[in-house]
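Structural description and commentary
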Amino acid sequence: MSNTKLPGDFMWGFATASFQIEGSTSADGRGPSIWDDFSRIPGKTLDGGNGDVATDSYRRYKEDIALLKSYGVQSYRFSIAWSRIIPLGGRNDPVNEKGIKWYSDLIDALLAEGIVPFVTLYHWDLPQALHDRYGGWLNKEEIVQDYANYARICFQAFGDRVKHWLTMNEPWCIAILGYGRGYFAPGRSSDRKRSPEGDSTTEPWIVGHNVILAHAHACKVYRESFKVTQGGQIGITLNGDWSMPYDDDPANIEAAQHALDVAIGELDFRDPIYLGHYPEHMRRMLGSRLPEFTAEEIALVKGSSEFYGMNTYTTNLIIAGGDDEFQGLTRYTFTRPDGSQLGTQAHCSWLQTYPEGFRALMNYLYKKYKKPIYVTENGFAVKDESYMSREQALADHDRVEYFQGNMEAMLAAIVKDGVDVKGYFGWSLLDNFEWADGYETRFGVTYVDYETQKRYPKDSGKFLAKVRLILTLCWQSSNTMAVV
Ligand code: GBH
């Protein structure tokens, strides 16, 4: 890293999500979420793990803040569990003051340490009652109103202190993993071995559509009733990895653009939010299965996000063909034509290190959507870390390499390419409940011993703390952060 500069207001921190860390699932009046029961069904998580305890952060949040402090962060991205705020979820259901108080205390404790809260309103833990009552995300008329009401309550309760809001984490995952592949709660799918009900050809597109609308309505509520007095900003966070053609076969070159347009641009729902329409490919692929936006809806959706929230982890090599609509009818691989691997393999099959792809993706998104970017998640799970001794796990060389490469790539994107990146959040502060992987896959820069719930900084956590320290010192001396 040489001669690179970051703006002085750059947000630097780590991210987590409520269901992955909080535990205490019945404390203080919390209602169940769709992940509570789903994770308890045998076979839904790799190791049979569920969210009942997780990293016990509901009770240990002060410890977590001390940890954040030790890493020198300036911001913390966490999510609010809807069913702690409104246990039954709906707009006519009672609000739970104890749930509000818990997040309020968390926010105050962060601010007391000089840490800026960056808050996600929805990271996949839909109140179970809404799923049971009317089908949750499948029911447009109901869910959009209930979500907007929940968002309003959060703006009212926390918006005096929270100035950075994310409406949704990763619509692609909500829609496709929850209602298409059926890997995530509520686990609906056409695959009858997986789910007794569901239709993977239609439901993901209905859900994706409704998620976008709910997001847009929450943004409207914020702009109309809170933005002027509270002065914050609001946006959405989308997942998406870089795509490269497998080789120079024109079909694969075209497929890589398709994978980008479809898996990133289209299926990932960026184009409606930023450009105001579903892309052509998506319309062609799905025909009448793609719900239409009314003129009124599209007016609401277009431009709803004030910045680009970017969750990204890896790069895929793309081969044309196959029947996977969720990948835009392309196949993904990490193995190059000469048999070599793109990068270092993580514990999860879908993730390898490839910093050049991170830089390319930031450039692509900034040129296409012209919005400032917050990298709201980026991280790595070391292969077999769960099977190592704690000492071995703390020496997480592959994760250090991942972050080092991506830091360099990001600084190059900012300084050399002129991409407007406003913040970076590593995933994750702690090892935690990794959804369908249970506790077997560890993404933390901090090791969690699940027997004792003790936290131990890994080498990667120390590495990022050092990078942050250097950035701060240089910033103080020059009013811009510089890494030499
Ligand atoms: C993030 O999603 C989540 O926001 C976070 O909660 C999670 O802990 C973190 O990743 C680490 O996984 O093979 O079809 O199942 C990352 C985006 C998109 C990455 C789906 C994995 C697997 C596709 N994810 N992808 S599939």
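What comes next concerns the included structure. (Residues numbered from 1 in each chain as written. Predicted model: local features only at pLDDT ≥ 70, side-chain atom pairs only at ≥ 80, totals over all residues. Heavy atoms only, no water.)

**Quick word on the overall build of the chain**
What counts is decided by this rule: Counting from the N terminus, the helices are the DSSP runs of H or I reaching at least four residues and the strands are the DSSP runs of E reaching at least two. For the exposure calls, accessible area comes from a 1.4 Å probe over protein chains only, and a residue counts as buried if that area is under 20% of its type's maximum, exposed if over 50%, partly exposed in between. Note on areas: Shrake-Rupley, 1.4 Å probe, and residue coverage restricted to the protein chains presented here. Counting rule applied: Lys, Arg positive; Asp, Glu negative; His and chain ends not counted. Charged groups are reduced to one reference atom each: NZ for lysine, CZ for arginine, CG for aspartic acid, CD for glutamic acid.
Secondary structure summary: the chain contains 18 helices and 15 strands in total. Principal-axis analysis of the C-alpha atoms gives the chain an extent of 60 × 55 × 45 Å. The burial tally for the chain puts 64% of its 484 residues in the buried class. Entry remark: accessible area of the chain is about 17,700 Å², with carbon and sulfur atoms responsible for 52%. Averaging the positions of the 50 positive and the 63 negative side-chain charges in the chain gives two centres separated by 4 Å.

**Points about the site of the ligand**
To keep it simple, the criterion reads: The near set for a molecule or strand comprises every residue that places at least one heavy atom within 4 Å of it. Counted as a polar contact is a pair of N or O atoms within 3.5 Å, where, for protein atoms, one must be capable of donating a hydrogen and the other of accepting one, and residues adjacent in sequence contribute only when both atoms are in side chains.
In the vicinity of the ligand there are 19 residues, among which Q20, E170, R181, E434 and W435 approach most closely. Contacts to the ligand include W427, whose side-chain N or O atom sits 3.1 Å from an oxygen atom. Within the side chain of E434, a nitrogen or oxygen atom sits 2.5 Å from an oxygen atom of the ligand. In the complex, 84% of the free accessible area of the ligand, which totals 580 Å², lies under the protein chains. In terms of residues, the shell around the ligand owes the most to one element, helix α8 (residues 171-179), which gives three residues.

**What about α8?**
Counted residue by residue, α8 has nine buried out of nine residues, so it is predominantly covered. Those residues of α8 lying buried are P171, W172, C173, I174, A175, I176, L177, G178 and Y179.

**Observations concerning the sheet that holds strand β9 (residues 315-320)**
Basically, it comes down to this: For two strands to pair, DSSP has to find at least two bridges joining them. Fitted lines through C-alpha atoms serve as axes, helices being fitted only where they are in contact, and the angles separating the N-to-C directions of these axes extend from 0 to 180 degrees.
Taken together, the three strands give an open sheet; going across it, the order is β7-β9-β10, and neighbouring strands pair in mixed fashion. Strands at the two margins of the open sheet, each flanked by one partner only, are β7 (242-245) and β10 (330-333). Here the average twist between neighbouring strands, direction ignored, is 45°. With four bridges connecting them, β7 and β9 associate as parallel partners.

**Describing the packing of helix α7 (residues 140-158) against helix α9 (residues 203-225)**
Heads up, the rule is: Each crossing is labelled by how the near helix is turned from the far one, with a counterclockwise turn of less than a right angle marking it left-handed and a clockwise turn marking it right-handed. Contacts between residues were defined by any pair of non-hydrogen atoms, one from each residue, lying within 4.5 Å. Here the nonpolar group is Ala, Val, Leu, Ile, Met, Phe, Trp, Tyr, Cys and Pro; Asp, Glu, Lys and Arg are the charged ones; every other residue, Gly included, is treated as polar.
The geometry of α7 relative to α9 is characterised by a closest axis approach of 9 Å and an angle of 35° between their N-to-C directions. By crossing handedness, the relation of α7 to α9 is classed as right-handed. Within the contact between the two elements, α7 uses K140, I143, V144, Y147, A148, A151, R152 and F155 and α9 uses N210, L213, A214, H215, H217, A218, V221, Y222 and S225. Among the residues making up the contact of α7 with α9, the classes are represented as 11 nonpolar, four polar and two charged.

**Things to note about the pattern of salt bridges**
To keep it simple, the criterion reads: What counts as a salt bridge is simple: a side-chain nitrogen of Lys or Arg found within 4 Å of a carboxyl oxygen of Asp or Glu.
Across all of its chains, the model carries 34 salt bridges by this definition. The salt bridge involving K140 is made with E297; its shortest N-O contact spans 2.8 Å. Note that K140 is positioned in helix α7 and E297 in helix α14 (residues 295-301), a separation of 157 residues in sequence. By relative accessible area, which is 12% here, E297 ends up buried.

**Looking at the side chain of N169**
Position of N169 among the secondary structure elements: in strand β5 (residues 164-169). At 2.8 Å, the side chain of N169 and the side chain of R77 are in polar contact. Polar side-chain contacts of N169 include one of 2.9 Å to the side chain of N311.

**Let's talk about the state of the cysteines**
We apply this condition: The criterion for a disulfide is a pair of cysteine sulfur atoms lying within 2.5 Å.
Taken as a whole, this structure holds zero disulfides when the rule is applied. C173 carries a free sulfur, and the closest cysteine sulfur to it, the one in C348, is 12 Å from it. Judged by relative accessible area, C173 falls into the buried class, the value being 7%. We classify C348 as buried; its relative accessible area is 4%.

**As for the nonpolar core**
For clarity, the threshold we go by: To define a nonpolar core, start from buried Ala, Val, Leu, Ile, Met, Phe, Trp, Tyr and Cys residues and group those joined through side-chain atoms within 4.5 Å.
Ranked by internal contacts, the top residues of the largest apolar core, which has 145 residues, are W35, W82, Y122, W137, Y147, F158 and W165. The biggest single contributor to this core is α9, with 11 residues. Residues within four places of W137 in sequence aside, it is in contact with W82, Y122, L126, I143, Y147, M168, I174, Y179, V207, N210, V211 and A214.

**Digging into helix α5 (residues 97-112)**
Heads up, the rule is: To estimate how far a helix should reach, multiply one less than its number of residues by 1.5 Å.
In this model, α5 (16 residues) spans 22 Å end to end at C-alpha, consistent with the 22 Å of a helix rising 1.5 Å per residue. Along α5, the positions that sit buried rather than exposed are G99, I100, W102, Y103, S104, L106, I107, A109 and L110. Packing partners of the buried residues in α5 comprise α1 (18-21), α3 (57-70), β3 (75-79), α4 (82-85), β4 (116-120) and α7.

**Some thoughts on the environment of D241**
Structurally, D241 can be placed in the loop between β6 (233-239) and β7. The class for D241 is buried, based on a relative accessible area of 19%. Considering only alpha carbons, one finds D241 and M310, 69 residues apart in sequence, at a separation of 9.6 Å. One polar contact links the side chain of D241 to the main-chain amide nitrogen of Y313, over a distance of 2.9 Å.

**Details of the pairing of β9**
Both β9 and β10 contribute to a ladder of four bridges, which runs antiparallel. Paired with A320 across the strands is T330, a residue of β10.

**Considerations on the pairing of β4**
Within β4, four of the five residues are buried, which leaves the element mostly enclosed by the surrounding structure. Across five bridges, β3 lies against β4 in parallel orientation. Opposite Y76, over in β4, you have P117 as the bridge partner.

**So, the packing of aromatic side chains**
Keep this limit in mind: Pairing of aromatic rings covers Phe, Tyr and Trp, the last through its six-membered ring, and needs centres within 6.5 Å; plane angles under 30 degrees mean stacked, over 60 mean edge-to-face, and all others mean tilted.
The final tally for this structure, using the stated rule, is 44 aromatic pairs. Note on F19 and W435: the rings are 6.2 Å apart at their centroids and 15° apart in plane angle, and the pair reads as stacked. Taken as a pair, F19 in helix α1 and W435 in the loop between β12 (421-427) and β13 (446-449) lie far apart in primary sequence, 416 residues in all. Among the aromatic residues, those joined into a ring-pair cluster are F19, W35, F38, W124, F184, F433, W435, Y439 and Y450.

**Some points on unusual backbone geometry**
A cis amide bond links A185 to the next residue, P186, at an omega of 5°. Here P186 shows up in the loop between α8 and α9. At D28, a residue that is not glycine, the phi angle is positive and equals roughly 50°. Relative to the assigned elements, D28 resides in the loop between α1 and α2 (34-38).

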